[in-house]
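# Architecture at a glance
Listed here are the chains, written in short residue letters.
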Amino acid sequence: MNPRRSASVFSPEILRPAVGASFAKLDPRVQLGNPVMFIVEVGALLTSIIWIVQAAGGSTGSNDPAWFTLTVAVWLWLTVVFANLAEALAEGRGKAQADTLRSMRTDTVATLRDGTTKPAGELAPGDVVVIEAGEFIPGDGTVIEGIASVDESAITGESAPVIREAGGDRSAVTGGTRVLSDHIVVEITQEPGKTFLDRMIALVEGAERRKTPNEIALGILLAGMTLVFLIVVVSLRPFALFSGTDVSTTTLIALLIALIPTTIGALLSAIGIAGMDRLVRRNVLALSGRAVEASGDVDVLLLDKTGTITLGNREATAFLPMPGVGESELAEAAQLASLADETPEGRSIVVLAKQYGLREHEFAPQSAEFVPFTAQTRMSGVNINGDQLRKGAGDAIIDWIESEGGSAPPELRRELDEISSEGGTPLAVARNNKVLGVIYLRDIIKDGMTERFDQLRQMGIRTVMITGDNRLTAAKIAKESGVDDFLAEATPEAKLALIKQEQSEGRLVAMTGDGTNDAPALAQADVGVAMNTGTQAAREAGNMVDLDSNPTKLIEIVEVGKQLLITRGALTTFSIANDIAKYFAILPAIFAATYAVSGSTSGPLDKLNLMNLGSPNSAIISAIIFNALVIPLLVPIALRGVTYRPIGATALLRRNMLIYGLGGIIAPFIGIKLIDLIIHNLLGA
Amino acid sequence: MLQGWIQIAIFFAALVAIVPLLGGYMARVFSGQPVLLERVLGPVERLIYAAIRVKPDRGQDWKAYARSVVLFSIASFVGLYAIMRLQGSLPWNPEGFKAPPWDLSFNTTASFVTNTNWQYYGGETTMSYFTQMVGLAVQNFVSAAVGIAVVIAVIRGIVSRSGTSLGNFWQDLTRATLYVLLPIAFVAALVLVSQGVIQNFSSYSDVTGVVGSVQHFAFGPVASQEAIKELGTNGGGFFNVNSAMPFENSNGLTNFLEMLLVLSIPAALTFTYGRMVGNRRQGWALFAAMSVMFIAAVAVVYTAESNPTPAMTAAGVNAQTTDGTTGGNLLDKEQRFGIANSALFNAVTTVTSCGAVNSAMESFTGIGGAVPMANMGTSEVIFGGVGSGLYGMLLFVILAVFIGGLMVGRTPEYLGKKIEAREIKLATLGALYMPFAVLIATGLGIATEYGKKSLYSGGPQGFSETLYAYMSQGNNNGSAFAGYTGFIQPEAGNAGSFGITFADLLGGGTMIFVRFVPILIVLAIAGSLAGKKVAPTGLGTLRTDSPTFVVLLIGIVVLIGALTFFPALLLGPVVQGLTQELF
Amino acid sequence: MRKDILTSFLAIIVFTVLCGILYPLAVTGVSQVAFNNAANGSQIESNGKVVGSKLIAQSFEGRRDYFQPRPSQTDYNPAGTYFNNAGPNNTDTRDLIAGNVKAYLALEGRYNADLSAENVPVDAVTGSASGVDPHISQKNAEIQAHRIAAVRKLPLPTVTQLIKDNTDGRFIGLIGESGVNVLELNLALDKESSR
């Protein structure tokens, strides 16, 4: 599966099954869930019956020609079909993904640690299985022994294998992925049928879709409006009769269907499914629709500094020698001390030293004895040619010098403090008992972050940087990157406390996390995005999983959430605004002859035929056709979503009111007129 | 025309001027801040609490508050109905009127308890001074006070950051009456008397005129009732012709004052609202939205009435405006008010749920008559009734916030409080109940033989009469196309223009339904908002005090009103407005 | 609940006493002292006898020597008022107005050669809302002045001056519509004639 594929809305492989599904969905039991479309279906049924009676020569008490009744009936059926099609299309896009996923759910046989075997489908939480290279992992679980490279392309789309190992933050494995090398022992954590893969299939298919609170609220509003229009139309008959005009049932049904918010009623569930789908396309799995909506509301974004705001690693940018030490002497010592240091920081020191004309291979490696970094010493280095070279945190080097009988010069302390205050990280370098100088490691802020934060501010979202650094460093980086606030020396507890604090002030908080110790915070946050590379605990705690494990994804998630709501609001507005034109099409048609002077067929209300539609019948049919056609025409907007622009709420409201409100008033005038031109002038209706 | 526009501009300027004064004062009264009048009336207030046995500081949750509102209204109903039915045995009855029949008494009681003041009777030919003064006028006070109390409770719910209390109904009722309604009504009544509005207990008397014709004069305590009739947006006239009667509304100044009284509290409450929610712009935004719709209504009706009706033209009358004549459609309008002040009064009384009239709505031009119906079609939220206008508008605000919130990509919130399915459910009901009641009642009125009995005219005019009757009663307005049942013309001594049981019951039921359903809805919303956390506003928050939001709010109010009543209006006033034909 | 019911009934009694008895009595008391004439109906006396109210139009029907008020649907009854309720597109309304026009022209046409239905002042041929509108428009009065002058044999400028004297202007020149008070004008006319 290619998760980033951008299939056209109407691509044949999706369209074909969707058309089938849209007819299957005509089942009234399906329609009952959507009161608006249910009314349309009832209307279609009633007009069909009237036509059958007419066609059979029976009396229906109206003067409508049979072709008129039939046309209305057909277009009402089509309205329902189009609505079903929109939903089926939205579902269809997910189905394609689901099929790929399902094909991976091969029934492997799991080997338990005691040597017995069990079909994957029968594994229970707590079972411990052994997986050899080349085998599929039978279920979700946590690696408890061993390390292995795993191919997770099936779920992430990323072809490069990832490392999974016991302990730490890379211990979660997903059923359906394949071990490439080595072997691991995994403790199963999920019941069969509820695995990550199962949930993913259900999600992309929309099978488990439950209406979100906001969707329910909108549904109530739409149902209410439908009820009002029902009363409007029902009461119109006696009103018209009093005025000497008999309105046929077919016409009243046509008026009702034109008035009730069919457009948004038809597209509402498609919008919801498509919103989920857009997240899936960004390789994010939302575990509930509620979480997607909530992400549109996020007020505060907690971002980890490392990897999100700054490049994952610090870089050496300067050598600052102590008095009496040459810069290149320091550089050489730093280089030697870092030769065996494979961390990105270590490498960056070597690279920087090259600028001083030093090359890596100026010594025989066998004569060197490398001293690795340990958590106790907090320094590393090399013993070479009788010299002991060390680099490490300032305090650690000072301690070491003093234990070697030397003493640190006062300039060292000053230099260390200065670098910290500038937001950098200092590493001291020493040879034997003498401090040579300091290496300036600097956090590198990712390109474009300042703009990103500006954008978020425009969206009304405050960003908070979370870092383990001290306050000085954190403040410096926060200032440089343009983030609004920061939490320094962050512990999981401090993070949780911050979230609770923000929430108590009424804000919605979003965060990303991967480690087990992030789990409480992820669970507490309103939108918790767990990195797929993280632990099983983190993945369980969050309400979204980012398969790419990209912490900046949060920003996109917020946009998708907003887009989802905007699309709903915009199409609701459009749908209701359309009614004005429909009134001006249908009512003058119904009442064209009402209170006409005897001998004339054109009464006072005929003046309201602003669109100058050909005949009463063509006016009503045009309105109904427009009402039906607008659904498929808007499907692309429903599925892609209305573009979100971070221009501030009021400007955005103004913009959308103009496009969807004013546009919704004007567009149908044009559309209905065009349809009328075709069916009246060309087809003679 | 220009002179008329100037008068309208002066009136609006006066309104804008009193809004912050009265609004700020009411905010003080209802947030327990000291007001000057307390020094005088404080003992009276405490006496009332003692007499009715309440502890004013005891907060009520929404259910308790609503229960008190309903029970008090039931008590009001029982009391007023009893007074009417016992009229024949009660004092201050110079003409010896008998009790109005049960069906009219029911309709009238429902009408006054619900702040509607729809009148199927002629005041001076049906009701004794006692009934008018001790019965009807008391309801003019307390039904208005109930409206104020409810909206204040709703505001408290919106503001409240913890707990469930919306305040104490009895305290709000008492303070609204004692510190707001009574003092203003007292002063206004005296001003009215000084200009010729009568205030006495004299018996009706015959006067022989200059050329020997005998006139039978009706008197009574009119000014005291007139003042609260306007101030409380009640509208029930002492006389059958309401504020057209010179004894109720004697000159340009009284007319100006009466219109100002009608709008003062509904308009000022927007400012009270802004003050109480801690953001005056919120109040001004609502005021702006209401004002735009109000001014549009005035402009349309004034322009329409400045032209003759098709019937006038057919009679050969040109009705041009020249020096020394008002021109226009002066039929059923008073010379001293002219076209401008009749049109303005028409708009004032129908954007609010007042219903007092200084000219006959039924004789307006087609379009001129469509305006009051359109105003009522917006559920009376353009200023609206005392209290009821603002709480009605807040229902639309919730809908606007919902749609607008979606359009900016946030689940909706209002003043920091999340609007969720429960609030939307209630607000939808709130936008629904009125068209529901009006259309069904009109349908019954127009389609049944019982209903048709009430019609005076046929054709579109007859339809308008019926539609107007149920729009008016269905919005607690009270103004009328008075031909409806009014063809049974009152004569001194008979019981007035009543006697159609069907219309009495249908209208009475409608009035009760549309009064208490929204009260329960808004109190329930207030109750559910009361406990909610307040989210701080940010750039992404939909601002509800911006011009853009005002436009959205107007759009939603107008659209919902238009979409529900457009077809009906077409068949009544609009069809007449579009033709020169006579029917 | 029971306490609430008790409170409700007590409250309606208390508010009835306060707003239904004390308040109107207080207004009446002050009014009767401070604005006695206005409070009692702005009655006008002529020769020591009450002849009507200056706020209420009365009938001068059949008297060519008096200014005529606007037509009245109630025969100028101030104790049984009602509107015309004449729909804008009703044939009845046309007939009502046409009748008024005919009567007006019949009365005034003789004295105003160029008077036609086209240019009658609208107030002269339409019933007012109250049926007792005390005013007519200046234009209407000026037309009638010709008849009055002829019948009473008064110089037209005298009559015109009387009209001016009995015209109620707008409040502070701005609010309301000016109109000529027919009863006051007619009384002034009698005074002028008897001089």
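A quick note: this is a predicted structure, and the numbers were derived from the prediction, not measured. (Residues numbered from 1 in each chain as written. Chains lettered and ligands numbered in written order. Predicted model: local features only at pLDDT ≥ 70, side-chain atom pairs only at ≥ 80, totals over all residues. Heavy atoms only, no water.)

Each partner contributes residues to the interface: chain A has 65 residues there, and chain B has 60 residues. Summed over both partners, the interface of chain A with chain B comes to about 5200 Å²; 78% of that surface belongs to carbon and sulfur atoms. Looking only at chain A, the three residues that lose the most surface to chain B are Phe239, Phe242 and Tyr595 of chain A, adding up to 14% of its buried area. Counting the contacts that link chain A with chain B gives two salt bridges. When the shortest N-O distance is used, the salt bridge between Arg410 of chain B and Asp299 of chain A registers 3.0 Å. The interface formed by chain A and chain B contains nine residue pairs in polar contact (both at pLDDT 80 or more). Elements with a contribution of two residues or more to the side of chain A that touches chain B: helix H7 (213-242), helix H16 (449-458), helix H18 (492-504), helix H21 (553-590) and helix H23 (649-682) of chain A. Residues belonging to the side of chain A that touches chain B are distributed by class as follows: 38 nonpolar, 17 polar and 10 charged. (Contact = heavy atoms within 4.5 Å. Buried area = accessible area lost by both parts, 1.4 Å probe. Salt bridge = Lys/Arg side-chain N within 4 Å of Asp/Glu carboxyl O. Polar contact = N/O pair within 3.5 Å; in protein donor to acceptor, adjacent residues only side chain to side chain. Helix = DSSP H or I, 4+ residues; strand = E, 2+ residues; numbered from the N terminus. Nonpolar A, V, L, I, M, F, W, Y, C, P; charged D, E, K, R; others polar.)

The next subject is the pattern of salt bridges. Residues and elements named next belong to chain A. The tally for this structure, following the rule as stated, stands at 43 salt bridges over all chains. The partner of Arg282 in a salt bridge is Glu556, and the shortest N-O contact between them spans 3.2 Å. Placement of the pair is Arg282 in the loop between helix H9 (262-281) and strand S10 (284-286) and Glu556 in helix H21, with a sequence separation of 274 residues. Of the residues examined, Glu556 reaches a relative accessible area of 24% and is grouped as partly exposed. Residues Asp484 and Arg457 are paired through a salt bridge, measuring 2.4 Å at the closest nitrogen-oxygen approach. One end of the pair, Asp484, is in the loop between helix H17 (471-481) and strand S19 (485-487); the other, Arg457, is in helix H16, and 27 residues separate them in sequence. The exposure class of Asp484 is partly exposed, given its relative accessible area of 33%. (Buried < 20%, exposed > 50% of the residue type's maximum accessible area, 1.4 Å probe, protein only.)

Attention now moves to the domain arrangement of chain C. We note that the domain assignment places domain 1 (1-40) and domain 2 (43-193) within chain C. A separation of 40 Å is found between the C-alpha centroids of domain 1 of chain C and domain 2 of chain C. (Domains from an automatic or database assignment.)

The subject of this paragraph is the interface of chain C and chain B. In this complex, chain C contributes 103 residues to the contact, which on the side of chain B involves 119 residues. Our count for the contact surface shared by chain C and chain B stands at two salt bridges. The partner of Asp4 of chain C in a salt bridge is Arg67 of chain B, with the nearest N and O atoms 3.6 Å apart. For the pair chain C and chain B, the number of links is 45 residue pairs in polar contact (both at pLDDT 80 or more). It is helix H1 (residues 2-34) of chain C that provides the largest number of residues to the side of chain C that touches chain B, a total of 26 residues. Grouping the constituent residues of the side of chain C that touches chain B by class yields 52 nonpolar, 38 polar and 13 charged.

Side chains of nonpolar character tend, in soluble globular proteins, to be buried together. Counting residues in hydrophobic clusters, the biggest one holds 368 residues, and the most contacted among them are Phe294 and Met393 of chain B. Top element by residues in this core is H21 of chain A. It accounts for 19 residues. (Core = buried A, V, L, I, M, F, W, Y, C linked by side-chain atoms within 4.5 Å.)

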